[in-house]
Amino acid sequence: MSVQFAGIGTEVVVGSRSAERAADTVKELHETWPGRNLPLVPGDNDTAAAADLVIVATPWEGILTTVSALRKTLADKVVVSMANALTRWGKDMVPLLPPTGSITVAVARALPESRVVGAFHHLPAGPWADLDHPLDADVMVCSDDRSAAREMIALIDQLPGLRGIDAGGLASALAIEALTPALLEVNRRYKTHAALRLTGLDPSGQQ
Ligand SMILES: NC(=O)c1ccc[n+]([C@@H]2O[C@H](COP(=O)([O-])OP(=O)(O)OC[C@H]3O[C@@H](n4cnc5c(N)ncnc54)[C@H](OP(=O)(O)O)[C@@H]3O)[C@@H](O)[C@H]2O)c1
């Protein structure tokens with residue numbers, strides 16, 4: 001995801017629990033996309049949390065520990081949760097139901113001073129990281145902070161191939177997150193990387 005934002009010229013601080021690992025990640029991304037001058041900066045999670053807008057891209061198991069430790073730094077900011085709680089049940093990927101109903105709501109409860117938004121849950125990781133072939137997909141965005149949702153949608157609309165869709169308040173996060181394992185099953189069965197497109201909307205996504 002960092003490369004997509006860097007690809008449109010946004011400076012991205014790539015966070016990590018280890019600044020050294022972040023530096024390795026940034027080096028690897030620059031080597032993957034030579035000549036693009038991607039504005040990627042390595043940092044630890046504290047440095048990344050100091051950015052204007054923060055996307056938390058840890059697996060669901062680690063998200064609460066991660067954001068809780070950064071609560072003060074993240075106050076007043078748009079904080080994006082993209083994590084999906086899921087597990088393997090036999091051969092199938094299945095959703096897990098967190099006590100809060102969704103990971104996004106859990107993040108919002110852990111960060112009461114932040115403007116928490118859910119987004120990006122359904123994007124297939126591999127193709128999304130390919131700057132040469134932008135994904136063709138809608139991104140459902142949910143937040144109880146309506147202006148944060150609008151800001152996020154406007155940002156997503158700048159990313160090649162993506163369209164941000166207002167999916168309502170944080171109550172929608174449960175369904176959005178729980179759909180991801182079903183999409184993974186589609187992709188497993190069809191041996192592809194399908195993404196979502198909603199029909200019946202104005203092409204700009206505006207109502
Ligand atoms: N990848 C995508 O494009 C994509 C798309 C849609 C949704 N998602 C969702 O986003 C979440 C993250 O996915 P991912 O594939 O990016 O995960 P990942 O590669 O497994 O983890 C991302 C980074 O999180 C850090 N991390 C790992 N375990 C952690 C823990 N227990 N506590 C704190 N930090 C930890 C690690 O960085 P350090 O060790 O350097 O700290 C790791 O490199 C998942 O829930 C996934 O479903 C991902």
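All of these numbers come straight from a predicted model, not from anything done at the bench.

> Can you explain the overall build of the chain? Please cite residues and give values.
Summing up its helical and strand segments, the chain has 9 helices and 9 strands in all. Relative to the 2.2 N^0.38 estimate, which gives 17 Å for 207 residues, the radius of gyration of the chain is 17 Å and therefore close to what a compact globule would have. Considering only intrachain contacts with a sequence separation of at least 6, the fraction spanning at least 24 residues in the chain is 69%.

> Lay out the environment of Ala-119 with the relevant residues and their values.
Mapped onto the fold, Ala-119 is located in the loop between β7 (115-118) and α7 (125-128). Each C-alpha atom, one on Ala-119 and one on Met-140, is 5.9 Å from the other, the two residues being 21 residues apart in sequence. Excluding anything up to four places from it in sequence, Ala-119 contacts Val-80, Met-82, Val-139, Val-141, Met-152 and Ile-156.

> Tell me what's going on with helix α8 (residues 146-157), and back it up with residues and numbers.
With 12 residues, α8 extends 17 Å between its outermost C-alpha atoms, agreeing within 8% with the 16 Å of an ideal straight helix rising 1.5 Å per residue. The set of residues buried in α8 consists of Ala-148, Ala-149, Met-152, Ile-153, Leu-155 and Ile-156. With its buried residues spanning 160° around the axis, α8 presents them on a single face. Of the exposed residues in α8, the ones pointing more than 90 degrees away from its buried face are Arg-146, Ser-147 and Ala-154.

> How would you explain the site of the ligand if you had to name every residue and give the values?
Close to the ligand lie 21 residues; Ser-16, Arg-17, Gly-62, Ala-83 and Ala-125 are nearest. Of all the elements in the fold, those that place two or more residues in the shell around the ligand are α4 (60-68) and α7. Broken down by element, the shell around the ligand gets its largest block of residues, 5 residues, from α4. Split into classes, the residues belonging to the shell around the ligand amount to 10 nonpolar, 8 polar and 3 charged. When residues of the shell around the ligand are sorted by domain, at least three fall in each of domain 1 (1-51) and domain 2 (58-190).

> Explain unusual backbone geometry to me, and be specific about the residues and the numbers.
Its identity as a non-glycine residue notwithstanding, Asp-76 has a phi of 70°, on the positive side. Here Asp-76 shows up in the loop between α5 (71-74) and β4 (78-81). Judged by the 8 C-beta atoms lying within 10 Å of it, Asp-76 is exposed. Even without being glycine, Lys-191 reaches a positive phi, approximately 50°. Take Lys-191: it is sitting in the segment after α9 (173-190).

> Please set out the sheet that holds β4 residue by residue, giving values where relevant.
In spatial order, the strands read β3-β4-β7; together these 3 strands make up an open sheet with parallel pairing. Sheet topology places β3 (53-56) and β7 at the edges, where each strand pairs with a single neighbour. For this sheet, the mean inter-axis angle between neighbouring strands, taken without regard to orientation, is 25°. Pairing analysis gives 4 bridges linking β4 to β7, with the strands arranged parallel. Residue pairing in the sheet places Val-79 in a bridge with Val-116 of β7.

> Hey, could you go over the nonpolar core for me, with residue numbers and the actual values?
By size, the foremost hydrophobic cluster in this structure holds 56 residues, and its most contacted members are Val-79, Val-80, Val-107, Val-139, Val-141 and Met-152. Summarising the domain contributions, this core has at least three residues from each of domain 1 (1-51) and domain 2 (58-190). Excluding its chain neighbours within four sequence positions, the residues that come into contact with Met-152 are Val-78, Val-80, Val-117, Ala-119, Val-141 and Gly-164.

> Could you give an account of the domain arrangement of the chain, with specific residues and numbers?
By the assigned domains, the chain splits into domain 1 (1-51) and domain 2 (58-190). Measuring from the centre of the C-alpha atoms in domain 1 to the corresponding centre in domain 2 gives 20 Å. Counting residues at the interface gives 10 residues for domain 1 and 10 residues for domain 2. At the level of secondary structure, the elements contributing two or more residues to the side of domain 1 that touches domain 2 comprise α1 (2-7) and α3 (45-49). Taken together, the residues of the side of domain 1 that touches domain 2 break down into 6 nonpolar, 3 polar and 1 charged.

> Break down the pairing of strand β8 (residues 137-141) for me, citing the residues and quoting the values.
Most of β8 sits inside the fold, with 5 of its 5 residues counted as buried. With burial as the criterion, each face of β8 is covered, one bearing Ala-137, Val-139 and Val-141 and the other bearing Asp-138 and Met-140. Taken together, the 5 bridges between β8 and strand β9 (residues 162-166) define a ladder with parallel strand orientation. Looking across to β9, one finds that Ala-137 is bridged to Leu-162. Since β8 and β9 lie parallel, the crossover through α8 that links them has a hand, and here it is right-handed.

The rules behind the values
- Residues numbered from 1 in each chain as written.
- Predicted model: local features only at pLDDT ≥ 70, side-chain atom pairs only at ≥ 80, totals over all residues.
- Helix = DSSP H or I, 4+ residues; strand = E, 2+ residues; numbered from the N terminus.
- Rg over C-alpha atoms; globule rule 2.2 N^0.38 Å.
- Contact = placed C-beta atoms within 7 Å.
- Expected span 1.5 Å × (residues − 1).
- Buried ≥ 20, exposed ≤ 12 C-beta atoms within 10 Å, placed from the backbone.
- Arc of directions from axis to C-beta.
- Near = placed C-beta within 6 Å.
- Nonpolar A, V, L, I, M, F, W, Y, C, P; charged D, E, K, R; others polar.
- Domains from an automatic or database assignment.
- Pairing = 2+ DSSP bridges.
- Axes fitted to C-alpha atoms, helices over the stretch in contact; angles between N-to-C directions.
- Core = buried A, V, L, I, M, F, W, Y, C linked by C-beta atoms within 7 Å.
- Right-handed = clockwise from strand over helix to strand, strands pointing away.

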